[in-house]
Structure formats: structure tokens, C-alpha cells
Amino acid sequence: MPSFTAYNAIFFVFLGGACACAAALHVYTDPFGQYEGLAPSRFGPYKAQLGSRRGKSEIPLRNACSTLVLGTSRAEMGIDPESPVFETGTACNMGLAGANMEEILAAYRYTLKHSNVERVIFLADFLAFNTLIEAPSDFEKSRLASDRPELEYRLDVAFRIGAAQNVLRMYYRDRKHYYTPLGHKSALSDGEMKPTRRLFRHNVLKAFGLVRYTDEGFDLYRELVRDCAARGIDLVVAVSPVHALELEAMHVARAWDFFEQWKRELTLITDEESKGAAPVWDFSGYTPYTTEPVPFDDKIVDGMKWHWESSHFKRALGDIVLGQLLGEDAPNTQVGERMTTATIERHLQKIRSDRAAWVNANRAEVQWVRSVAQEVIREQREQDAPL
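Residues numbered from 1 in each chain as written. Predicted model: local features only at pLDDT ≥ 70, side-chain atom pairs only at ≥ 80, totals over all residues. Heavy atoms only, no water.

Trainee: Outline the overall build of the chain, listing residues and values.
Mentor: Along its length, the chain carries 15 helices and six strands. Classification of the 387 residues of the chain by burial places 51% in the buried group. Across the chain, the fraction of contacts at a sequence separation of at least 24, relative to all contacts at a separation of at least 6, is 78%. When the accessible surface of the chain is summed, it comes to about 18,400 Å², and 53% of that surface belongs to carbon and sulfur atoms. (Helix = DSSP H or I, 4+ residues; strand = E, 2+ residues; numbered from the N terminus. Buried < 20%, exposed > 50% of the residue type's maximum accessible area, 1.4 Å probe, protein only. Contact = heavy atoms within 4.5 Å. Areas by Shrake-Rupley, 256 points an atom, 1.4 Å probe, with all protein chains shown as cover.)

Trainee: Pulling in residues and values, what's your account of the pairing of strand β4 (residues 234-239)?
Mentor: Of all the six residues making up β4, five are buried; the element is thus mostly covered by neighbouring parts of the structure. For strand β3 (residues 119-124) and β4, the ladder comprises six bridges, and the chain directions are parallel. Bridge pairing links Ile121 to Val236 in β4. Looking at chain direction, β4 and strand β5 (residues 280-282) are connected through three bridges and run parallel. Its bridge partner being in β5, Val239 is matched across the sheet by Asp282. (Pairing = 2+ DSSP bridges.)

Trainee: Kindly report on unusual backbone geometry, identifying the contributing residues and their values.
Mentor: One non-glycine residue with positive phi stands out, namely Arg254, at about 60 degrees. On the secondary structure map, Arg254 appears in the loop between α11 (244-252) and α12 (256-274). Since its relative accessible area comes to 76%, Arg254 is described here as exposed. Phi is positive for Asp302, which is not a glycine, with a value near 50 degrees. Note that Asp302 resides in the loop between β5 and α13 (315-326).

Trainee: Could you give an account of the side chain of Ser240, naming the residues involved and the relevant values?
Mentor: Here Ser240 shows up in the loop between β4 and α11. A polar contact is formed between the side chain of Ser240 and the side chain of Asp125, at a distance of 3.2 Å. Leaving out residues up to four positions away in the same chain, Ser240 has contacts with Arg74, Leu123, Ala124, Asp125, Phe283, Ser284 and Phe313. (Polar contact = N/O pair within 3.5 Å; in protein donor to acceptor, adjacent residues only side chain to side chain.)

Trainee: Please give an account of the pattern of salt bridges that cites residues and values.
Mentor: Evaluated as defined, the whole model comprises 22 salt bridges. Across the salt bridge formed by Arg264 and Glu260, the nearest N and O atoms sit 3.9 Å from each other. One end of the pair, Arg264, and the other, Glu260, are both in helix α12, four residues apart, so they sit about a helical turn from each other. Note on Glu260: relative accessible area 7%, which makes it buried. The partner of Arg315 in a salt bridge is Asp319, and the shortest N-O contact between them spans 3.1 Å. Residue Arg315 and its partner Asp319 are both found in helix α13; the two are separated by four residues, about one turn of the helix. (Salt bridge = Lys/Arg side-chain N within 4 Å of Asp/Glu carboxyl O.)

Trainee: So what's going on with α11? Which residues, and what values?
Mentor: In an α-helix, one full turn covers 3.6 residues, which means residues spaced three or four apart are oriented alike. Counting buried residues in α11 gives seven out of nine residues, a clear majority hidden from the surface. Directly beyond the C-terminal end of α11, a positive phi value near 60 degrees is found at Arg254.

Trainee: Which residues make up the state of the cysteines, and what values go with them?
Mentor: Counted according to the given criterion, the structure contains one disulfide. For Cys65, the disulfide goes to Cys92, at an S-S distance of 2.1 Å. Across the S-S bond linking Cys65 and Cys92, the dihedral sits near -80 degrees, which makes this disulfide left-handed. Placement of the pair is Cys65 in the loop between α3 (59-62) and β1 (67-70) and Cys92 in strand β2 (residues 91-93), with a sequence separation of 27 residues. Neither residue differs from the other here; Cys65 and Cys92 are each classed as buried. (Disulfide = S-S within 2.5 Å.)

Trainee: Could you give an account of the nonpolar core, naming the residues involved and the relevant values?
Mentor: Counting residues in hydrophobic clusters, the biggest one holds 66 residues, and the most contacted among them are Leu70, Tyr108, Phe122, Phe129, Tyr221, Trp262 and Leu266. With eight residues, the single largest contributor to this core is helix α5 (residues 101-114). Apart from the residues within four sequence positions on either side, Leu70 is in contact with Ala75, Met94, Ile104, Ala107, Tyr108, Val120, Ile121, Phe122, Leu123 and Leu224. (Core = buried A, V, L, I, M, F, W, Y, C linked by side-chain atoms within 4.5 Å.)

Trainee: Can you break down the packing of aromatic side chains residue by residue, with the values?
Mentor: The geometry of an aromatic ring pair is captured by the separation of the ring centres together with the interplanar angle, meaning the angle of the planes. For the coordinates displayed, the defined rule picks out eleven aromatic pairs. Taken together through their ring pairs, the aromatic side chains of Phe122, Phe126, Phe129, Phe218, Tyr221, Trp256, Phe259 and Trp262 make up a single cluster. The ring of Phe296 carries Arg197 above its face, with NZ or CZ at 3.8 Å from the centroid. Lying over the aromatic face of Trp368, Arg197 brings its terminal NZ or CZ to 4.6 Å of the ring centre. (Phe/Tyr/Trp six-rings, centres within 6.5 Å; stacked < 30°, edge-to-face > 60°. Lys NZ or Arg CZ within 6 Å of the ring centre and 35° of its normal.)

Trainee: Can you break down the packing of α12 against helix α14 (residues 344-361) residue by residue, with the values?
Mentor: Contact geometry for α12 and α14: axes closest at 11 Å, N-to-C directions at 150 degrees. In terms of orientation, α12 lies roughly antiparallel with respect to α14. Along this stretch, α12 crosses α14, giving a crossing that reads as right-handed. For the pair α12 and α14, the contacting residues are Trp256, Glu260, Lys263, Arg264 and Thr267 in the first and Ile344, Glu345, Leu348, Ile351 and Arg352 in the second. In the contact of α12 with α14, the residues fall into four nonpolar, one polar and five charged. (Axes fitted to C-alpha atoms, helices over the stretch in contact; angles between N-to-C directions. Parallel < 35°, antiparallel > 145°, perpendicular 65-115°, else oblique. Left-handed = near helix turned anticlockwise from the far one by under 90°. Nonpolar A, V, L, I, M, F, W, Y, C, P; charged D, E, K, R; others polar.)

Trainee: Got a sec to walk through the environment of Thr291? Specific residues and values, please.
Mentor: Mapped onto the elements of the fold, Thr291 is located in the loop between β5 and α13. Look at Thr291 and you get partly exposed, because its relative accessible area is 25%. Spatially, the C-alpha atoms of Thr291 and Ala244 are 5.4 Å apart, while their sequence positions differ by 47 residues. When residues no more than four places from it in sequence are discounted, the contact partners of Thr291 are His243, Ala244, Tyr286 and Trp358.

Keep in mind these numbers describe shape, not what the thing actually does.
Written out as C-alpha cells, the structure reads:
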């Protein structure tokens, strides 16, 4: 009869073999971009985890990021680090989907540990300043949130079979995710791509929840501006060019006053902490880019030049935004305008006037947004109704 020692030996041999296979599968598929050059390149477009907090934390380890792009998924999708507007150095896109200011500040600090950052481009989003929105569990387990020992972190990640399985599953189903090595999400994933009007409806529905920001969000932003100023890092701040339908949803949701006050405080804090050195640009007005007509035909997919849907703009518009932020030519007021404490009220009034003109010329779209709002109201009433 075999001894317990023999049973233990067999058990540990099988356990060791299973762990070795798991680690080999992880290296082979490389879901987080840790082993560049070892994993087959054919898996590249199928790695959804490259956009995760763990995946993004690998970018500064592989690249000397002289320009750092910060923000949410709007920055991630709209700003391409390989844009010709970045004439020198390496730009890295550390935009994080659904991020709050705690995560954005953590991404900034983490990148500074690994790169000599000379310039920060921060695409500020209303939602990111609401610290009541909790960071995903992936953030706490990533390098962005903690200084875990390298061996411990790699062992933890290596045995997460689910991430490797996901790469293989997406590969065999041919469902691409379009993340680039420098952090840009160049297109909606195959699973996200739907008819344009349906995408707009989905994001307009989400916009009705974006009605607040918190003081803590601004406290964290103040830290970012102050640290850039102390280190001599050039900071450029921009409010993203969301589509007019997104703005109208905020208006119908009675969030417009919050949005305007957020812009005032964003401008004031930036001016105070940078001593006027950091410009704040607003691209969220009513321009030829943000008022591009949305196809009503529910069968048209990817039917717009400048936007994927109401919230996320395409690289084509991102390059124009970058040209405004970093170019030496005269500012193009058809794209965006710079906000200062001296000009903010005049700027906000102009946007109100431009909205009135847009509403007058687009009655059908305004009614469509209001009908979507009624859906939200009905759903909320159903949820609040007693059983």
C-alpha cells in the first residue's frame, strides 16, 4: 500500500505541473502586455485586458513616457499617442475607463516613478470628479494602487487563468478589442460596435446619472495641478468634446448648473495652483464637430466622422483637439476655447446662446432626448414602487 509520502509526492508533482502550465499559458497569451516579444503577435488585437488597470500599469515599464495623457475612456479613445501632433518624445495614454480622480492621480504618480514626464495632458470629465463612484476591484490589485513586490505581483497575475482564457476565447471568436501598446483604444470592440443611433441612446441614458461632483474630487485634482507645478511639468487641461446630444441630456436632467459650476472651479483651481501657467480649454461647446448629425436609421453602424457615440470622440477629432492644445497656430474657435477666471462667465454665456440656437434648429433631436428621459423616469418609478 503506497505511503502518505508517496501520495504527497504525486500530489505536489501534479500541482507543480498544473502551476507550470498555467504560468506558461499566461506568458503565451500575455493578456496584460507584460511579455512583449514572447507572446505571438496574432493575439494582440484580442487582449481586452490591455485596457484594464493591470494592463495600463505595464505601459510606463515598457516606455519612457515624456508626455502623459490622463483621463477616462474619453481620453483613452480620443487621444492617440502615435498622433503626428506629438513631434518629439514618447506619449503614453494612461486613460482609464470609468476612472475617478483617485485613480487618475494614482496613474500620474505611478508613471512619474518610471518615466521622466515633461508634459501632462489631462482630459477632465465631470464624472471623474465624483469620488462617490468607487474604483473597480482591478484597480486595488494593480500596480497603480500599491507598491507590491515584483515577484509577488507577477505570481499573482500569472495564475489568473481567466485572463488567458479570455484572450483565447476572443481569438477563436475573432472579436477584437483594438488596444495599442501605448494605451490608445483605437475603436470600439467588436462586441461594443452597434448601430450608431442605438449607441447614442445607450450613452444618453447613462448621462442622466452624471449630476454631481464632490469636494474630494477637486481636492485630488488640486494635488495633481500643484505637483505638476512643483516639478516643472507642463500641464494642459481640456474638457472633452462630447456630442450635443450628451449636453442636452445633462440639461434635461437638470445637471447643467452643476456642469457650469464644475467648469468654474476647474478653471479657478488650475489658475491658482499653476499661477496661470496651465491652460484650461473647453471643447464641450456647440461646434461643427460636436453637433454632427446622428443617423436616425437604426441599421447604420459607425455612421459618424467625429464621434463613436455621444460620449466618446474619435481619433480624427482627437488630432484636431491636440492641434489646438499643442499647436503654435492661432486658436480655432470652431473647435474649442480657452477658459480663464477672467473669461469664464462670458464663455459660459456664449455656450448657452449657442445651445439655444442648436435647440431651435434641432427640435426632433431635443424631443428624442426627452423621450429617452421619460424612459429613465419610468424605470425609476418602477424600481421605487412597493412590491
